[in-house]
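These are the residues of each chain, in order.
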Amino acid sequence: MMYAIVYISLVGCLIGLTLLSAIEAISWKNKPTDKSVAKGGTVTFQCEVNDRQGKPVIWNKGSTSLSSNSAVTREFQDRYSISGEFNLVIQNVQETDNDLFMCNVFDLGSAPAKLTVLLPPNPPVIQRNVTGNPYREKQVVAFTCESNGGNPDPMILWYKNGKEIVEATKTPSVTIGGASSSRIIVTLDSTDHQANYSCVVYNEANKNSPLSTFILLQVQYPPYLTFGPYNPYNVELGDNTRLECRVDSNPQVNTVTWLKNGQPYLKQNKLLTFNPIVKSDSGNYTCRATNGIGPSKEATAYLQAVYAPEITVPGSKTYRETEKIEIDCVIDSYPQPFLVRWEKIDVNRSKISYGPKLTINNSVREDAGNYTCKAWSELRVSGQRTQNVTGQGYTYIHIQYGPGEAFISPVSDVEVGKPLVIKCSAKPDGYPAATYKWEKDGVVLQQTTSTYRITTSQLQDNGLYKCTPVNLVSQGRSKQIQVNVNQIPTFISKPAIEITLPITHRQMLSITCKAKGRPPPVIHWYKDDGKQPITITQPNFYEVENKDVTLETYSTEVTNTLYIRGSGRTVQDNENTALRIEDMGQYHCWVNSSFYREPIKATQTLNLQFKPVVTTDEVRIAVNFSLPIQLPCTAQAFPVPKFQWYRKGVEIVGGPGRFSIGTTQIDGVSKYRSTLTINNVKTQDLGYYNCFASNNLGNVSQNIHLSTKTAPESPLNLHSTHQTWESAILVWDEGFDGGYPQYFILKVSTLGGEERLVEVNPPSATTFNVTNLKPQTTYSFVVFGQNQLGRGNSSRQLIVKTAELSIPSIGPSVEFNVQSGEITLENKIKDNYCLRVSVKRKNSAGKWDIAYQCLYFTDLVGNLQESNIEALNISVCLKDRPDVCGEPVTATLSEAGGATLTERDVYIIASVCGVIIITLLIILIIFICRRKKNQAKYEDNKTDTERRTQPVNGVQQPKKQQVYENQGMTMSRIPGVDLDDPVPPLGIYSLSYPDASSSNPTNYSNSYGPLDLKHNHGNGYLPNGHATANGHVPHDTSYDSHVDKRMFENEMNRRNENVGRVDYNNRQGADIHFHGVPKSPSKDQYIDLEEKKEGSLQSNPESGYSTPDPSKPKKVIYEVVV
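Described below are features of the structure shown in this document.

Criteria and cut-off values
- Residues numbered from 1 in each chain as written.
- Predicted model: local features only at pLDDT ≥ 70, side-chain atom pairs only at ≥ 80, totals over all residues.
- Heavy atoms only, no water.
- Helix = DSSP H or I, 4+ residues; strand = E, 2+ residues; numbered from the N terminus.
- Buried < 20%, exposed > 50% of the residue type's maximum accessible area, 1.4 Å probe, protein only.
- Contact = heavy atoms within 4.5 Å.
- Areas by Shrake-Rupley, 256 points an atom, 1.4 Å probe, with all protein chains shown as cover.
- Lys, Arg positive; Asp, Glu negative; His and termini not counted.
- Salt bridge = Lys/Arg side-chain N within 4 Å of Asp/Glu carboxyl O.
- Pairing = 2+ DSSP bridges.

## A few points about the overall build of the protein chain
And then number 1: Helix and strand content of the protein chain: 5 helices and 80 strands.
And then number 2: Burial status across the protein chain gives 40% buried among its 1122 residues.
And then number 3: Counted over contacts in the protein chain with a minimum sequence separation of 6, partners at least 24 positions apart contribute 65%.
And then number 4: Carbon and sulfur atoms provide 50% of the accessible area of the protein chain, an area that totals close to 62,600 Å².

Structural data, given as structure tokens:
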């Protein structure tokens, strides 16, 4: 049955294709189209056919036959001819050629084309049904425009003043070149006066130069009155404007009559002017006019002066607190305002009231202030955009209330004789503003203003002042303030200006100052240029005694005595203390007051007589030969000492030679300096010089040694004043500098042999803090000077031991992973520490190397991935001093990742991998060779079965594909296989089925298992590289696929036969290969498809092409053409 159905289908297809090829063999190539040509021209109509096969072609003109194939009928041979197959050519075209032409092809049909002979129209003529010009308004007149001689029928257009009239009625010509016309009917009005009515005629022959004619009309009409574009006419108040009565009439009108609000208005001009417009100009203005054509006409315009709101409110209003406030806002505006609002003018606009009346019940003092009444209206001026305008008026509301508590501004103390001002205010001040009642110590004063003023203050103005605010409502709480009037300090008595005493004076020496003032003065004693009182700078050498006495009610007398005595002085045999040279000088008595910044002063100069004294016994000076040198000699004495110079017992007298002597006074108590200058120093000038100073009380001498310049001498008295764990402060006395500026260098050594030189900074300092030391370490220090001549001798050695420093421990549990380089420890140490990592490697003869000088605790994974580490020590160090560390801790070595692969292990693994790769390559080569052999067998079979379709008319016809669709099946795309190929290549295929327990069975439930067709091309695709879409599996029905078709049918039948077999349905997934084309219809040569275990089918099998039973489960069949 199946074979019969297929055979009948194939025969039907062949018959249909044969008939279709025969029908489609003849077709139109070029049909004739409509043509337009001027008289006397030439025109060609095309009529070309594909594959005519000898069928006759006949041309007709209307109902008359013109030609048969290439032969033209005799009566048309003079101007008609056939060109090619089979184009009609007409020469010297005449009016008679204006007709319909038809090309007829046997077994194909007819193709019409129209020929239009172009003739230009004659000039148009306008005719009227009513004579007379001028006309009267509302007359009805018909205008007709006529033209003849045109073909095709011309267009006739009407225009009024250049604007087209579309309501025209056209009458076409009944013959070629006959008369055509267009008619318009016009009811005349004022717009037709002087109107231009024109008629335009054209067709294809003269469309670029149309013909036209026109007429001008004269129409009489009564007056038409207008007032311009605005009515009513709104003008802003105060603007200049005019109202014009525009009269349009024929005949014209020169004068008009005016009415205002219905009453005669004594104006006859058409133009009314308002310069400017005022409120009274607003009203209805009527204009009347007549010209004898009908009754008189009139028009009315409304003129309105518009203006912004004008506000009238009282300037101010006064109310008592709690009284009701009511204020009216009077508004004059046109148009009327759309919004009226009261506002209080402050930051928050705290009071807002809508409407023209402001009402505030139970007023409070905060309601006082400026208020504004605002009104908004829309100002609509004709010809302008509407704008919102505002008018406003202002009023001030006063609220009367009593003053609050008084407040007196702080008053500074004033000086006697200066003005005294006391300011008082009230919070709140009250309204009306308060006056003030003043009292002093309970007595009412005369002044009532807020400021109490005394022009010249006296001591008796001291006292307690009271201020009370008062107004007509009430009085506020009082305040009082204490006022102080002070007296500037003045001397009652001053010490003597100068006294002179011998330094051996045996009586107690004192200096007294006496002063008065308010507040009580304070007296201090200063000496010379001292910045602090002498009792503070030298408390053991001076004493002060002070006494206060009240002179008047508000003034105090102060007596202050300075005694030159104290515990630091030498006690004489009379139990009085002795005077010192340092007591000489100026003693200043400063009288201070807490009220005045500048003190008053009195000074006494104390001169003490004593014999000369010198500060040092010997002075050393170095010099270079041939240069000048100055030898100084300084002494203290009073009276002024006399200086004398001696060398080897002989007095040196200054003069014009190489020696000169000069004396000057220098800073200090009775200090003087004598200078011996030696020019061009020579060897004989070296040695000791003696300076002798004397006055009437005694004398003194000083030795000065002159030598040549050398390197510095050794510093003296080197010692330490303070030590820490990392520093030591050293102090020394400088030695003689050798005549040049010297700088100092410290040599720092340890007992372990380390030493370094440290330059002292500043270079000439004799106190220096040595840093960067190590804790609990013994150091040796020496210091030496150096100048431009070289290094001097060192000082004596100083031994110093630094203090101890406690460094935290990292704990006993420290582990080092040799493979990863990671250090594991218990971290309880602060961030100001780091780790020093030292390693000892194998075969290093016990030598330790520092791997990390300062490793942070956040970087404990290092790069010590070495296999030859024998031991590792870790020390805790200071981050800012990595060289200062605690005791090292030895880490435990570990290998967390198991044994490390040796080089031999790597070679073994690489060899095994190489053998596996070579074996896989050999298997792949064998597989490729076998595949090529099978491909050759397929080519032999293909040669025997191939047949080609014959071309039709020399054109290869495309093959039609037949698609088998069964709504009971679900067609799925097979990846990598293009089922549209006419002859799919044969190769090695694998068909496999998923296990029923697959995790993704969604698309295969209640169906056959999916067909996995794998074509073993290298890239997994067929040679053409495409596959069909899901749902349709095409099957090739061409003549060269009988073997493949039969295999497909057998496979479909086998599937339907095995639908109900349990063993078939329950078989596991298989992978079946086949090679070449099957030679027998035995079952084993076909692809074996299996269903999923869970797929259930009913007992009655269905054919793959049968109509599906809705009650049966849906089956999925995968169709494959091989």
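Following the structure, the description resumes.
## Quick word on the side chain of Glu 439
And then number 1: Inspection of the secondary structure puts Glu 439 in strand 41 (residues 435-440).
And then number 2: The buried charged residue Glu 439 lacks any salt bridge, with Lys 466 as its nearest oppositely charged partner at 4.1 Å.
And then number 3: For Glu 439, the contacting residues outside a window of four places in its chain are Val 444, Leu 445, Leu 464, Tyr 465 and Lys 466.

## Details of the sheet that holds strand 51 (residues 556-563)
And then number 1: In space, the 5 strands of this open sheet follow the order 39-46-48-51-50, with mixed pairing throughout. Edge strands, defined here as strands with exactly one partner in the open sheet, are strand 39 (414-415) and strand 50 (543-550).
And then number 2: Note: strand 50 against strand 51, 8 bridges, orientation antiparallel. By the bridge assignment for strand 51, Glu 545 is matched with Thr 561.

## Digging into the pattern of salt bridges
And then number 1: Per the stated rule, a full pass over the model turns up 30 salt bridges.
And then number 2: For Arg 288, the salt bridge identified is with Glu 298, shortest N-O distance 2.6 Å. Of this pair, Arg 288 sits in strand 28 (residues 283-289) while Glu 298 is found in strand 29 (residues 297-312), placing the two residues 10 residues apart along the sequence.
And then number 3: Note on Arg 288: relative accessible area 38%, which makes it partly exposed.
And then number 4: With a relative accessible area of 47%, Glu 298 lands in the partly exposed category.
And then number 5: The shortest N-O distance in the salt bridge between Arg 569 and Asp 583 comes to 2.5 Å. Of the two residues, Arg 569 sits in the loop between strand 51 and strand 52 (585-593) while Asp 583 sits in the loop between strand 51 and strand 52, which places them 14 residues apart along the sequence.
And then number 6: Take Arg 569: its relative accessible area is 5%, and that puts it in the buried class.
And then number 7: Sharing partners across several salt bridges, the network here consists of Lys 279, Glu 310 and Asp 332.

## Here we look at the pairing of strand 58 (residues 659-666)
And then number 1: Bridging between strand 58 and strand 59 (residues 671-678) involves 8 bridges; their strand directions are antiparallel. By the bridge assignment, Phe 659 is partnered in strand 59 with Ile 678.
And then number 2: From the end of strand 58 to the start of strand 59, which pair antiparallel, there are 4 residues, and Gly 668 there has a positive phi angle of about 125°.

Scope: geometric values only; no functional claims are made or implied.
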